[in-house]
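# Coordinates in review
As a plain string of letters, each chain reads:
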Amino acid sequence: MYPPEPWHLRGQMYLSVFLVPMRAVPPLPEVLGAAVRPLSFGGRAAIGAAWVDYQPGGVLHYRELLSAVLTHEHGRPRVSITDIWVDSVASREGGRRLWGIPKELAGFTLDADEDLVDATAATPEGAPIASALVRLKRRVPGRFPLGFTVAQALDGKVKRTPVRGRSNVRTASAAWRPDPEGALGHLAGRRPVLTLAITDFWLVFGRTAEDRAAARTRHP
């Protein structure tokens, strides 16, 4: 039903970062919460919310809305996804089974032109999840590396998954309208402190054969 690890993906991402009081951060699964902690910025956590359009050229193409908290594990930075919706059954099943990413299905509109993105997401029953209007601004010269580790709970353990790639970047601004009573209610009424458009990216999500060989060498 879904491609094997790793997934090679291409597309566009519209990312906003919010600073949210620690008490409002969605709880992590017990096994994950015992291993990682949200990074604190003056008593607030950094939560990223993003619309992603995975486009043809990768192993899957679909749309996505996610929210993730920036965490650390003994000082090493991690990204832990708390809420995520996709419009692909293959992506949902693969994300859950391979990496413990709690994907749910949703319906999307994602209308983008050169400088404006109008996005909405709703449950399969039609209940609103969130919408946003993103205005794209200046292009940042160059092409930038992407690299981070996703930490999730899978089968009673912590699953750590490498993500790496490259992208173009544009500055942007965004007005988010999450459903106050929904899963992203902790972002309702808040303004992002940073918004970026991660454009024309390519990603390798998951461990390659070389990664697994290196791990066996380190831990025979």
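This text goes with the structure placed above it.
Residues numbered from 1 in each chain as written. Predicted model: local features only at pLDDT ≥ 70, side-chain atom pairs only at ≥ 80, totals over all residues. Heavy atoms only, no water.

## Describing the overall build of the protein
The condition is simple: Numbering of helices and strands runs from the N terminus, with a helix taken as a DSSP run of H or I at least four residues long and a strand as a DSSP run of E at least two residues long. Throughout, the radius of gyration refers to the C-alpha atoms, and the reference size of a globule is 2.2 Å times the residue count to the power 0.38. The contact rule is simple, with two residues in contact once any of their heavy atoms fall within 4.5 Å. Shrake-Rupley sampling with a 1.4 Å probe provides the accessible areas, and residues are treated as covered by the protein chains on show and by no other component. Positive charges come from Lys and Arg alone, negative charges from Asp and Glu alone, with His and the N- and C-terminal ends not counted. To locate a charge, the coordinates of NZ of Lys, CZ of Arg, CG of Asp or CD of Glu are taken.
Counting secondary structure elements, the protein contains 3 helices and 11 strands. The helix and strand sequence of the protein, counted from the amino end, reads β-α-β-β-β-β-α-β-β-β-β-β-β-α. A globule of 220 residues ought to have a C-alpha radius of gyration of about 17 Å, and the protein, at 17 Å, matches this closely. Across its three principal directions, the C-alpha atoms of the protein cover 50 × 40 × 40 Å. In the protein, the share of contacts with a sequence separation of at least 24, taken over all contacts with a separation of at least 6, comes to 66%. Counting only carbon and sulfur atoms, one obtains 55% of the accessible surface of the protein, whose full area is about 11000 Å². In the protein, 29 side chains carry a positive charge and 21 a negative one; their mean positions are 8 Å apart.

## Points about the packing of aromatic side chains
Here is the rule we go by: In this scheme Phe, Tyr and Trp rings, the latter by its six-membered ring, pair at centre separations within 6.5 Å, and the angle between planes marks the pair as stacked below 30 degrees, edge-to-face above 60, and tilted otherwise. For every residue, the accessible area obtained with a 1.4 Å probe (protein chains only) is divided by the maximum for its type, and the residue is called buried under 20%, exposed over 50%, and partly exposed between those limits.
Scanning all chains against the criterion turns up 7 aromatic pairs. Considering the side-chain rings of Phe 18 and Trp 176, the 6.1 Å spacing of their centres and the 80 degrees angle between planes classify their relative orientation as edge-to-face. With Phe 18 in strand E1 (residues 7–21) and Trp 176 in strand E10 (residues 157–178), this pair connects stretches of sequence that are 158 residues apart. Take Trp 176: its relative accessible area is 10%, and that puts it in the buried class. For the ring pair Tyr 54 and Tyr 62, a centre distance of 4.6 Å and an interplane angle of 40 degrees mean the geometry is tilted. Residue classification places Tyr 54 among the buried residues on the basis of a relative accessible area of 7%. Take Tyr 62: its relative accessible area is 5%, and that puts it in the buried class. Clustering of aromatic rings is evident, with ring pairs tying together Phe 18, Trp 51, Phe 108 and Trp 176.

## Looking at the layout of surface pockets
We count it as follows: Site definitions follow a grid-based scheme: protein atoms alone, a 1 Å grid, a 1.4 Å probe that fits but cannot get out for cavities, and for pockets an open set with protein on both sides within 12 Å along at least five of seven lines, plus lining residues having an atom within 4 Å of a point. Grid points are joined across faces, edges and corners, and a volume is the space filled by probe spheres set on the points. In this classification, Asp, Glu, Lys and Arg are treated as charged, Ala, Val, Leu, Ile, Met, Phe, Trp, Tyr, Cys and Pro as nonpolar, and every other residue, Gly included, as polar.
Of the pockets and cavities examined, the largest pocket occupies roughly 800 Å³. Taken together, 38 residues make up the lining of the largest pocket; nearest its centre are Met 13, Leu 15, Leu 66, Val 79 and Phe 148. When residues of the lining of the largest pocket are traced back to their parent elements, those giving at least two are E1, strand E3 (44–54), strand E4 (62–73), strand E5 (76–86), strand E9 (128–154), E10 and strand E11 (194–205). One number sums up the size of the second largest pocket: a volume of about 190 Å³. Contributing to the lining of the second largest pocket are 13 residues, with Gln 12, Leu 136, Arg 139, Arg 170 and Thr 199 lying nearest its centre. Of all the secondary structure elements, the ones that give two or more residues to the lining of the second largest pocket are E1, E9, E10 and E11. Considering each element in turn, the lining of the second largest pocket owes the most residues, 4 residues, to E9. Of the residues contributing to the lining of the second largest pocket, the split by class is 4 nonpolar, 4 polar and 5 charged.

## Here's the deal with unusual backbone geometry
For the bond from Glu 5 to Pro 6, the omega torsion is 0 degrees, close enough to zero to count as cis. Its place among the elements puts Pro 6 in the segment before E1. Unlike most non-glycine residues, Asp 200 shows phi in positive territory, near 50 degrees. Relative to the elements of secondary structure, Asp 200 occurs in strand E11.

## Focus: the pairing of E4
Note the cut-off: One bridge is not enough; two strands pair if DSSP finds at least two bridges between them.
Summarising burial for E4: 9 of the 12 residues are buried, a large majority. Across 8 bridges, the pairing between E3 and E4 is antiparallel. Looking across to E4, one finds that Ala 49 is bridged to Ser 67. The sheet contact formed by E4 and E5 spans 10 bridges and is antiparallel. From the neighbouring strand, Leu 70 faces E5, where its bridge partner is Val 79. Here E4 hands over to E5 after 2 residues, with His 74 in that stretch at a positive phi of 55 degrees.

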